[in-house]
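An overview of the molecular structure
The primary structure of each chain is shown beneath.
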Amino acid sequence: MSLKRNLKGEIEEVKPLRTRKGSIYTKGSNTNFRISRSKFSNFLECKRCFYLERVKGLKDPSMPGWSLNSAVDDLLKKEFDEFRKKQKAHTFVTKNKLNLIPYEHEQMDHWRNALRGGISFLDTNTNIEIHGGIDDIWFDPNKKELVVVDYKAQSNNRPVETKSYLNNVYHQGYKIQMDIYVHILRKMKFKVSDTSYFYVCNADRNYEKFDSKLNFTTALVPYQTNTSWIDKKIIEMKQTLDSQEIPEINKSCEKCMHLNAGKDFI
């Protein structure tokens, strides 16, 4: 964390509370309330932090964006869009012996825009609208199914292998992310495959010099999604939002423990 500065480099006062009414939940409300895929994931990780942010309006500390990862995402989208126009499978996909074509849809750019668009559905049991921006969707012409794809950029000395990638403790959130995307698309009445793919771009550190470029190897990691848990957790999330009591401290949450320990010095 660091001091907040404006575009001129001047130090500004930090405002720790949210001011936009649409981002703060009103208890007992029956109006639709939007929850992003990432905030849903936050709820799964720590109910207390989720409650403090969504109900009390306590903002998370800001952090810089993942600019290199975003650059890889943008370039991959442009690359796959060329094959989308031709309605042909990408050469790397065919090398993996898959017949999957980039899905052509008029809403594709809208679905990719996590801030101003995204895919979404309204859960009528709770009036919570879950939304999120996808990286890509491919189409299986044999099964007539959509296939969700998420681009991932990393730099690891080890080759990308399916089992170790999916078992990595830091990648468990990736799998939840995929489950939610598949669930949303199915609620949007699309036929969606259980199998999704992480398109992993791994920057190789073993070159002798930089030469103003990064050299990537790519791999497709298949993941069998599971959406059976989602409806129950949405109901649980609604109950948490309506709770009169702040959820108890989660001792496995670094933010919870940091805030709690800080009180002892005040």
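Look up: the structure comes first, before these words.
Residues numbered from 1 in each chain as written. Predicted model: local features only at pLDDT ≥ 70, side-chain atom pairs only at ≥ 80, totals over all residues. Heavy atoms only, no water.

When helices and strands are counted, the chain shows nine helices and eight strands. Taken over the C-alpha atoms alone, the chain extends approximately 60 × 50 × 35 Å along its principal axes. Counting only residues that meet the buried cut, the chain has 40% of its 266 residues in that class. In the chain, once contacts between residues fewer than 6 apart in sequence are set aside, the share between residues at least 24 apart is 67%. On the chain, roughly 16,900 Å² of surface is accessible, and the fraction owed to carbon and sulfur atoms is 50%. Within the chain, the 34 negative side-chain charges are centred at a point lying 2 Å from the centre of the 45 positive side-chain charges. (Helix = DSSP H or I, 4+ residues; strand = E, 2+ residues; numbered from the N terminus. Buried < 20%, exposed > 50% of the residue type's maximum accessible area, 1.4 Å probe, protein only. Contact = heavy atoms within 4.5 Å. Areas by Shrake-Rupley, 256 points an atom, 1.4 Å probe, with all protein chains shown as cover. Lys, Arg positive; Asp, Glu negative; His and termini not counted. Charge placed at Lys NZ, Arg CZ, Asp CG, Glu CD.)

This part is about the pattern of salt bridges. Counting across every chain of the model gives 16 salt bridges. Close ionic contact of Glu53 with Lys39 constitutes a salt bridge, the shortest N to O distance being 2.7 Å. Of this pair, Glu53 sits in helix H2 (residues 47–54) while Lys39 sits in helix H1 (residues 37–45), placing them 14 residues apart in sequence. Given the relative accessible area of 16%, Lys39 is considered buried. For the salt bridge of Arg112 with Asp109, the shortest nitrogen-to-oxygen distance reads 3.6 Å. Of this pair, Arg112 and Asp109 both sit in helix H5 (residues 108–112), separated by three residues, roughly a single helical turn. Given a relative accessible area of 58%, Asp109 falls into the exposed group. Through salt bridges with shared partners, a single ionic network connects Asp81, Arg84, Asp109, Arg112 and Asp136. (Salt bridge = Lys/Arg side-chain N within 4 Å of Asp/Glu carboxyl O.)

Attention now moves to the nonpolar core. If you look at the biggest cluster of nonpolar residues, it comprises 37 residues, and the most contacted ones within it are Ile35, Phe40, Ile130, Ile137, Phe198, Met237 and Leu241. For this core, the element with the highest residue contribution is helix H7 (residues 172–187), accounting for six residues. Discounting residues that sit within four places of it in the chain, Ile137 has contacts with Arg84, Pro102, Tyr103, Met108, Trp111, Leu146, Val147 and Leu185. Residues Leu76, Val93, Tyr197 and Leu220 belong to the second largest nonpolar core, which totals 14 residues. (Core = buried A, V, L, I, M, F, W, Y, C linked by side-chain atoms within 4.5 Å.)

Taking 1.5 Å of rise per residue, the 20 residues of helix H3 (residues 67–86) would be expected to cover 28 Å, and the 29 Å separating its terminal C-alpha atoms lies within 8% of that figure. Taken as a whole, H3 has its buried residues at Val72, Asp73, Leu76, Lys77, Phe80, Phe83 and Arg84. Down the axis of H3, the buried side of the element spans an arc of 135°, and every buried residue falls inside it. Structural note: H3 exposes Ser67, Leu68, Leu75, Lys78, Lys85 and Lys86 on the side pointing more than 90 degrees away from its buried face. Following H3 by one or two positions, Gln87 adopts a phi angle in the positive range, close to 55°. (Expected span 1.5 Å × (residues − 1). Arc of directions from axis to C-beta.)

What follows covers the environment of Lys56. As for its position among the elements, Lys56 is in the loop between H2 and H3. Other than its neighbours up to four places away in sequence, Lys56 contacts Leu17, Tyr51 and Ile246.

As a further point, take unusual backbone geometry. Most peptide bonds take the trans configuration, and most residues that are not glycine carry a negative phi. One non-glycine residue, Gln87, adopts positive backbone phi at about 55°. Within the fold, Gln87 resides in the loop between H3 and helix H4 (91–95). Phi at Asp211 takes a positive value of approximately 55°, unusual for a residue other than glycine. Locating Asp211 in the fold gives a position in the loop between strand S7 (195–203) and strand S8 (216–224).

Together, Phe210, Leu214 and Phe216 make up an exposed nonpolar region whose accessible area comes to about 310 Å². Its place among the elements puts Phe216 in strand S8. (Patch = residues over 30% accessible without salt bridge, like charges linked within 9 Å, V, L, I, M, F, W, Y side chains within 5 Å.)

With mixed pairing, the three strands of this open sheet are ordered in space as S1-S4-S3. Across the chains shown, the open sheet's two edge strands, defined by having one partner strand only, are strand S1 (33–36) and strand S3 (119–123). Pairwise comparison of adjacent strand axes, ignoring direction, gives a mean angle of 25° for this sheet. Bridging between S1 and strand S4 (residues 128–132) involves four bridges; their strand directions are parallel. (Pairing = 2+ DSSP bridges. Axes fitted to C-alpha atoms, helices over the stretch in contact; angles between N-to-C directions.)

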